[in-house]
Structures are given as C-alpha cells and as structure tokens.
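Residue-level structure breakdown
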Amino acid sequence: MDDFWYVVLWMVILVLISALIFFSVHLLVNIIDLENDFLNPIDMCNAVNMLVLPEYVCLGLMVVVLALGGYWIETLAYLPLLGYNINLVVKNKHKLDPTVIYQVMARKRKHTLGILIFEVVSFFWFLYRFVYGLIRGF
C-alpha cells in the first residue's frame, strides 16, 4: 500500500510540473511572437497575465505535495522560486504591463528560459522517481 501512495504522489507531481512547463513555454512563445510583431503588446499581456496566478498556484501545490511527501531536497530546490513568486504577488508586480513590455522583454525571456530549463530537468528527475516507484512496487 505504501508503494501505491508513492506512485500517486509522483503522478500528481508529474502533472503539476507538466503544467508549469506549459506555462513557461506559453510565455516564451508569446514573447517571441511579440518580438516578431505577430502580437501586439496588449494581446500578449492579456494572454500571459491570465495564466500567472494559476502558474503560481501549481507551483505552490507542488511544493506542498513535495513537503507532505517528505521530499525535502526537492522542496528546498523549489522554495526560492516560490518565495520569488510570492514576493512578486505581494509587491503587485506579477503581471506584465503592456506599456513597458519592450523594455523588460529581453530580461523576461532570459528569466523564463532559465525557469523552463530548471523545470525540464526537474521533470526528468521526477519521472525517474516515478519509474523507480513503479519498479520497486513489483
């Protein structure tokens, strides 16, 4: 029975990290479309801003699930990102502003690319842990 909950925990984590990867790719695609003049700043910011809080909620849920499962290294790896996101929300700087998007676009692209790389590496680590739990159960 213990192996069952191990597998369920990692399935939930894989779904949440997949959602986080989707949010990061969505932001990168919108930034690239804005750079190439396929989108105007207002449409880009509207498309991205509606997904900011769901992204933060997914990250928070993932950290809580990891902490409840007792996976402290993984939890500690994501705590700085969660703290940064909470700080943005508290300061009301979590949404993109169409009037200044061109000035912060390069920095936002590099920031999002770094987060995406971290999330993809985490995804494969979490996938390894999931498969390990499946193999261990048999």
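Now for a description of the structure that goes with this document. (Residues numbered from 1 in each chain as written. Predicted model: local features only at pLDDT ≥ 70, side-chain atom pairs only at ≥ 80, totals over all residues. Heavy atoms only, no water.)

**What to know about the overall build of the chain**
Secondary structure assignment for the chain yields five helices and zero strands. Scanning the chain from its N terminus toward the C terminus, one meets helices and strands in the order α-α-α-α-α. In terms of overall dimensions, the chain has C-alpha extents of about 55 × 30 × 20 Å along its principal axes. Counting across all 138 residues of the chain, residues that qualify as buried make up 39%. Put simply, of all contacts in the chain between residues at least 6 apart along the chain, 80% involve residues at least 24 apart. Split by element, the accessible area of the chain, about 8,300 Å² in all, is 72% carbon and sulfur. If the 9 positive side-chain charges of the chain are averaged to one point and the 10 negative ones to another, these points end up 9 Å apart. (Helix = DSSP H or I, 4+ residues; strand = E, 2+ residues; numbered from the N terminus. Buried < 20%, exposed > 50% of the residue type's maximum accessible area, 1.4 Å probe, protein only. Contact = heavy atoms within 4.5 Å. Areas by Shrake-Rupley, 256 points an atom, 1.4 Å probe, with all protein chains shown as cover. Lys, Arg positive; Asp, Glu negative; His and termini not counted. Charge placed at Lys NZ, Arg CZ, Asp CG, Glu CD.)

**A look at the packing of helix α1 (residues 2–35) against helix α3 (residues 52–69)**
It is the contact of α1 with α3, at a shortest axis distance of 9 Å, that shows an interaxial angle of 155 degrees. The angle between the axes of α1 and α3 places the two elements in the roughly antiparallel class. Viewed along their axes, α1 and α3 form a crossing whose handedness is left-handed. Residues Leu9, Trp10, Val12, Ile13, Leu16, Ile17, Ala19, Leu20, Phe23 and Ser24 of α1 form the contact with α3, whose own contacting residues are Pro54, Glu55, Cys58, Leu59, Leu61, Met62, Val65, Leu66 and Gly69. (Axes fitted to C-alpha atoms, helices over the stretch in contact; angles between N-to-C directions. Parallel < 35°, antiparallel > 145°, perpendicular 65-115°, else oblique. Left-handed = near helix turned anticlockwise from the far one by under 90°.)

**Quick notes on α3**
Because an α-helix packs 3.6 residues into every turn, residues spaced three or four apart end up facing the same way. Spanning 18 residues, α3 covers 26 Å between terminal C-alpha atoms, matching the ideal 26 Å at 1.5 Å per step. Of all the positions in α3, only Val52, Glu55, Tyr56, Cys58, Leu59, Gly60, Met62, Val63, Val65 and Leu66 are classed as buried. (Expected span 1.5 Å × (residues − 1).)

**Here we look at a nonpolar patch on the surface**
On the surface, a nonpolar cluster with roughly 420 Å² of combined accessible area is contributed by Val120, Phe124, Leu127, Val131 and Ile135. Here Phe124 shows up in helix α5 (residues 101–137). (Patch = residues over 30% accessible without salt bridge, like charges linked within 9 Å, V, L, I, M, F, W, Y side chains within 5 Å. Salt bridge = Lys/Arg side-chain N within 4 Å of Asp/Glu carboxyl O.)

**With respect to the side chain of Glu74**
Examined against the element boundaries, Glu74 turns out to sit in helix α4 (residues 72–90). Beyond its immediate chain neighbours, meaning those up to four positions away, Glu74 contacts Trp10, Leu66, Trp125, Phe126 and Arg129.

**So, the nonpolar core**
One finds Trp10, Ile17, Met62, Tyr78 and Phe126 to be the most contacted residues of the largest nonpolar core, which totals 26 residues. Mapped by element, the contributors of at least two residues to this core are α1, α3, α4 and α5. Counting residues per element, this core draws most heavily on α1, at 12 residues. Once residues within four sequence positions are removed from consideration, Phe126 is found in contact with Trp10, Ile13, Leu14, Ile17, Met62, Leu66, Glu74 and Tyr78. Among the nonpolar cores identified, the runner-up in size contains 12 residues, and Leu34, Tyr56, Ile101 and Met105 belong to it. (Core = buried A, V, L, I, M, F, W, Y, C linked by side-chain atoms within 4.5 Å.)

**Looking at the pattern of salt bridges**
In the structure shown here, the tally under the stated rule is two salt bridges. Note that Arg109 and Glu35 form a salt bridge whose closest N and O atoms lie 1.9 Å from each other. Taken together, the positions of Arg109 in helix α5 and Glu35 in helix α1 put the pair 74 residues apart, joining distant regions of the chain. You can call Glu35 partly exposed: its relative accessible area is 34%.

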